[in-house]
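Tertiary structure, described
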Amino acid sequence: MRATFLLPNYLKVVGWLLFLTSTITYLYFTISGESIDEYLLCKTFAIYQDGFFMVEKSNSFQFIENPMLDEILLVSFLLGALILGFSKTKNEDEMVAKIRYESLVWATIFNIVMIIITTLTIYGMVFLNFIYFFIVSSLFFFVIRFHYQLYQLQKISENDE
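An account of the accompanying structure is given in this report. Bear in mind that the values here come from a model prediction, so they are computed numbers and not experimental data. (Residues numbered from 1 in each chain as written. Predicted model: local features only at pLDDT ≥ 70, side-chain atom pairs only at ≥ 80, totals over all residues. Heavy atoms only, no water.)

**With respect to the overall build of the chain**
Secondary structure assignment for the chain yields four helices and two strands. Along the chain, helices (α) and strands (β) appear in the sequence α-β-β-α-α-α when read from the amino end. The C-alpha atoms of the chain give a radius of gyration of 19 Å, which is well past the 15 Å a tight globule of 161 residues would have. Projecting the C-alpha coordinates of the chain onto the three principal axes gives extents of approximately 65 × 40 × 30 Å. Per-residue burial for the chain yields a buried fraction of 29% across its 161 residues. Summed over all atoms, the accessible surface of the chain reaches about 11,300 Å², with 69% contributed by carbon and sulfur. Positive and negative charge centroids in the chain, built from 10 and 15 side chains respectively, lie 9 Å apart. (Helix = DSSP H or I, 4+ residues; strand = E, 2+ residues; numbered from the N terminus. Rg over C-alpha atoms; globule rule 2.2 N^0.38 Å. Buried < 20%, exposed > 50% of the residue type's maximum accessible area, 1.4 Å probe, protein only. Areas by Shrake-Rupley, 256 points an atom, 1.4 Å probe, with all protein chains shown as cover. Lys, Arg positive; Asp, Glu negative; His and termini not counted. Charge placed at Lys NZ, Arg CZ, Asp CG, Glu CD.)

This is the structure we're talking about:
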C-alpha cells in the first residue's frame, strides 16, 4: 500500500518531543495551580481581541500585550499530535493503515460522545473549559489509541514467532 499523504518516519522524534513537552508543561500548570498567564508576556499581532468582562475595549488588527505560553503549548501539542498520528511507521503496511483508520474513527466517535454528554450535563463557564479540551482531545485520543494498537500488534507478532 502506498500512502503518500503520510509524513516520513524520522519526524516521529520531533512529534514525541513536541507532544510530551507541551502535555507535561500544561499538566504542571494545571496540577500546581500556578497561572500560565504570568509567563512569556509579549507584544503580538491580534486580528481581534475581545475586552473580557469589560476590562479592556475590543481591538481589531492591532498589536497587544498577551501571555503567549498557552498559545505556544497548544500549537506545540497539535503539531506533535499531527506528526505522531500521521507519520509512517517503520513497517507501514495494510494492517498499520487499518489500525490508523480504526483509531481515527474510534477517536472521533469517542470525542463526539463525550461532547454530547458534556453538553447535557455541564453548564456555565466550566462548559467552555470542557469544550476547549475537546478541541484537542480527538487528536490526543487518536494518537494514544493508535500507538497502543501498534504495541498490541507488535506483542502478538512477537508471540507468534
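**Overview of the side chain of Ser-103**
Turning to its location among the elements, Ser-103 is positioned in helix α3 (residues 94–121). By relative accessible area, which is 0% here, Ser-103 ends up buried.

**A closer look at helix α1 (residues 12–32)**
For an α-helix the count is 3.6 residues per turn, leaving residues at separations of three or four pointing the same way. Taking 1.5 Å as the rise per residue, α1 with 21 residues should run 30 Å; its terminal C-alpha atoms sit 29 Å apart, in good agreement. Among the residues of α1, Lys-12, Gly-15, Phe-19, Ser-22, Thr-23 and Phe-29 are the ones counted as buried. Down the axis of α1, the buried set is contained in an arc of 155 degrees. They therefore lie on one face. Along α1, the residues that are exposed and aim more than 90 degrees away from the buried face are Val-13, Leu-17, Ile-24 and Ile-31. On its buried side, α1 packs onto α2 (69–85) and α4 (125–160). At the exit of α1 stands Gly-33, carrying a positive phi of roughly 80 degrees. (Expected span 1.5 Å × (residues − 1). Arc of directions from axis to C-beta. Contact = heavy atoms within 4.5 Å.)

**What about the packing of α1 against α2?**
Helix-helix packing is characterised by the crossing angle of the two axes and by the distance between the axes. Running from N to C, α1 and α2 point in directions that differ by 140 degrees, and their axes come no closer than 7 Å. Considering the angle they form, α1 stands oblique to α2. The crossing of α1 and α2 is left-handed. Note on element contacts: α2 touches α1 through Leu-69, Leu-73, Ser-76, Phe-77, Leu-79, Gly-80, Ala-81, Ile-83 and Leu-84, opposite Lys-12, Val-14, Gly-15, Trp-16, Leu-18, Phe-19, Ser-22, Thr-23, Thr-25, Tyr-26 and Phe-29. The class makeup of the residues in the contact of α1 with α2 is 13 nonpolar, six polar and one charged. (Axes fitted to C-alpha atoms, helices over the stretch in contact; angles between N-to-C directions. Parallel < 35°, antiparallel > 145°, perpendicular 65-115°, else oblique. Left-handed = near helix turned anticlockwise from the far one by under 90°. Nonpolar A, V, L, I, M, F, W, Y, C, P; charged D, E, K, R; others polar.)

**Considering a nonpolar patch on the surface**
Together, Phe-45, Ile-47, Tyr-48, Phe-61 and Phe-63 make up a nonpolar patch on the protein surface, roughly 620 Å² of accessible area in all. Going through the elements one at a time, β1 (41–49) and β2 (59–67) are the ones with two or more residues in the nonpolar patch. Considering each element in turn, the nonpolar patch owes the most residues, three residues, to β1. Here Tyr-48 lies in strand β1. (Patch = residues over 30% accessible without salt bridge, like charges linked within 9 Å, V, L, I, M, F, W, Y side chains within 5 Å. Salt bridge = Lys/Arg side-chain N within 4 Å of Asp/Glu carboxyl O.)

**With respect to the environment of Phe-86**
By the element assignment, Phe-86 lies in the loop between α2 and α3. Sequence spacing of Phe-86 and Ile-31 is 55 residues, and the spatial spacing of their C-alpha atoms is 30 Å. Non-local contacts of Phe-86, meaning those with residues more than four positions away in its chain, are made with Leu-6, Leu-7, Arg-100, Leu-104, Leu-139 and Phe-142.

**Details of the pattern of salt bridges**
Summed over all chains, the structure comprises two salt bridges. A salt bridge links Glu-92 to Arg-100; its shortest N-O distance comes to 3.0 Å. A relative accessible area of 22% places Glu-92 in the partly exposed class. The buried category is assigned to Arg-100, whose relative accessible area is 6%.

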